[in-house]
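Chain residues, written in single-letter form:
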Amino acid sequence: MKSGMHEKEKVETVRNYLEGKLQDIEGEPIYDVYNPAFGKVVARTAGSGPGVVDAAVDNAREAFRSWSSVPVTDRVKILFRLESLMRENGDEIARIVTTEHGKTFDESYGEVMRAVENVESATAATYHIMGRNNSDIARGIDEELIREPIGVFAVIAPFNFPVMVPFWFIPYAIGLGNTVVVKPSEKVPLTMQYVSSLFEKAGIPPGVVSIVNGGQETVEALLSNRHISGYSFVGSTRTAEIIHRRGTETHRRVQAGASAKNYELVMPDADLKSVIPSLISSFFGNAGERCLAGSVLVTLPENHEKVVNAFAEAASKLRLGFGLDADTDMGPLIREDHLKRVESYIDKGVEEGASMILDGRKKRSTKHPEGYFLGPTIFDSATGDMKIVTDEIFGPVASVMEAENLDSAIEAINRSRYGNSATIFTSSGRSAREFVHGVEAGNFGVNVGVAAPISFYPFGGYKDSFFGDLHAQGGDDHVMFFTERKVVVSRW
Ligand code: NAD
């Protein structure tokens, strides 16, 4: 696909998906949607206020009445159809993700497949909805646990995974008999708008999945609607705290994935040849806009120089560009203001006295000078009190710290307010075990740079990286989150 084709595209108007149809949004404010590689507006969306949101929720409540009593075997058949449609249209979905988000086509396609895998996991709803029973808990008395869907759930998504994150929740919620109102990020609404056409083709009845677009004002309307039973949120810690507080103070269920600052420790016994590509993909994949991205690299005195040199050399070779062009290794950041924010952290790192060994500000895309590009940036001699180490930067900036040994590395990592993921590269099972048991984080990589759990495992998160107790994706958590239990004691 040549980038020129996209430059000619006109500005599209994003619509909500309500009652099984795309509908114009007559709300405010208006949000520009960019192709960040070109620095150009490709679409506009608008805020959905309380009127639109309440109507969507009413519609979802109405749909819940019939959908919750559709046999689970029939609901699952619809999920199978959705899975096939998403696979068949995987290239097109990925192309839209790249256009509005900026990540490379391969990264987008990987994201789409992660979404598809969640649909596959959700087809186990026939098993997940099963209850339990005991005959004769007392003589002639039986006891039974029945699982039931609950009602309408809201899904509120971040910009960095336009399709995967909504699919951490949608297929499970609906497979188990609930209905959902989804609010994509206002920065990337085009992907879910396209996917809504597949909902229709798969045979998902109107109102079972609705999409309301907008930003903070739309979330506010969702939080104020008392008919929503629970919120599945993913985004920054700042917003996650608001959603969690507002949702729980009105006694709703909330699961809220939040910000991250992930550490990757390279032990001297690690195989450097395989470590470096893993580090590159972790720190600079998705231009660092990944909640599982490596952000702080920890080495020991014995391997420090070797690791840093090899890491910087590999990072300096990454080519910036539009994600649909074949020669692109790394796309742009999402917006100009975000680029400026990340650059201000680079300034801060210099002021704080970290030593800059690769300056990404000097690297731009020659083909797309208007894009929001920033090359890989690496600071050495970073310390735990520096902002570049304490704060989530969410860009291609790596800070390297040296620890004396494994114990002091674990201690340094645990000083972070976040605990999304942590990785160790080592050939020692004992070091790996100590690391996994000692570090306070939810997702671990052992010789794996991006510790992304497969769909049938929950997506972890400790400390300020997660609010709630039942996590996203498959496993048991979604069954508990999206169902309620009844216990029946009977004597006949
Ligand atoms: P964000 O918090 O700015 O926005 C997330 C969602 O909340 C969007 O839909 C947005 O419209 C809405 N929102 C924003 N501000 C709001 C407010 N004040 N009140 C109500 N709603 C509001 O996050 P983002 O910038 O879109 O996403 C990046 C963040 O998400 C990063 O911090 C990243 O680490 C995190 N993230 C976490 C995970 C995880 O699983 N822990 C996964 C992906 C991204």
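This write-up is about the structure you can find in this document. (Residues numbered from 1 in each chain as written. Predicted model: local features only at pLDDT ≥ 70, side-chain atom pairs only at ≥ 80, totals over all residues. Heavy atoms only, no water.)

## Section: the overall build of the protein
Inference 1: Across its full length, the protein holds 17 helices and 23 strands.
Inference 2: With respect to the principal axes defined by its C-alpha atoms, the protein has extents near 75 × 65 × 40 Å.
Inference 3: For the protein, contacts bridging at least 24 residues in sequence account for 73% of all contacts bridging at least 6.
Inference 4: Roughly 20,200 Å² of accessible area belongs to the protein as shown, and the carbon and sulfur atoms make up 50% of that amount.
Inference 5: Computed over 52 positive and 66 negative side-chain charges, the inter-centroid distance for the protein is 3 Å. (Helix = DSSP H or I, 4+ residues; strand = E, 2+ residues; numbered from the N terminus. Contact = heavy atoms within 4.5 Å. Areas by Shrake-Rupley, 256 points an atom, 1.4 Å probe, with all protein chains shown as cover. Lys, Arg positive; Asp, Glu negative; His and termini not counted. Charge placed at Lys NZ, Arg CZ, Asp CG, Glu CD.)

## Examining the packing of aromatic side chains
Inference 1: Here the structure, examined in full by the defined rule, presents 16 aromatic pairs.
Inference 2: Taking 4.8 Å as the distance between ring centres and 80° as the angle between the ring planes, the aromatic pair formed by phenylalanine 153 and phenylalanine 482 counts as edge-to-face. Within this pair, whereas phenylalanine 153 is found in strand S8 (residues 152–156), its partner phenylalanine 482 is found in helix H17 (residues 477–482), the two being separated by 329 residues in sequence. Both residues of the pair, phenylalanine 153 and phenylalanine 482, belong to the buried class.
Inference 3: Their ring planes at 65° and their centres at 5.3 Å tell us that phenylalanine 283 and phenylalanine 311 sit as a pair that is edge-to-face. Taken as a pair, phenylalanine 283 in helix H11 (residues 272–284) and phenylalanine 311 in helix H12 (residues 304–316) lie far apart in primary sequence, 28 residues in all. (Phe/Tyr/Trp six-rings, centres within 6.5 Å; stacked < 30°, edge-to-face > 60°. Buried < 20%, exposed > 50% of the residue type's maximum accessible area, 1.4 Å probe, protein only.)

## Let's talk about helix H3 (residues 72–88)
Inference 1: In this model, H3 (17 residues) spans 24 Å end to end at C-alpha, consistent with the 24 Å of a helix rising 1.5 Å per residue.
Inference 2: For H3, the complete set of buried residues consists of Val72, Arg75, Val76, Ile78, Leu79, Leu82, Glu83, Leu85 and Met86.
Inference 3: Those residues of H3 that are buried lie in contact with helix H2 (50–67), helix H4 (90–101), helix H5 (105–122), helix H6 (125–128), helix H7 (170–175) and helix H8 (190–202). (Expected span 1.5 Å × (residues − 1).)

## Thoughts on the nonpolar core
Inference 1: With 64 residues, the main nonpolar core has Leu265, Leu279, Phe284, Phe311, Ile378 and Phe435 as its most contacted residues.
Inference 2: Among the elements that make up this core, the one with the highest residue count is H11 (six residues).
Inference 3: A domain-level breakdown of this core finds at least three residues from each of domain 1 (12–258 + 465–491) and domain 2 (262–446).
Inference 4: Not counting residues up to four positions away in its chain, the partners in contact with phenylalanine 435 are Leu265, Leu406, Ile410, Ile413, Ala422, Thr423, Ile424 and Phe444.
Inference 5: Judged by nonpolar contacts, the second largest core, of 54 residues, contains Ala63, Leu82, Val180 and Val195. (Core = buried A, V, L, I, M, F, W, Y, C linked by side-chain atoms within 4.5 Å. Domains from an automatic or database assignment.)

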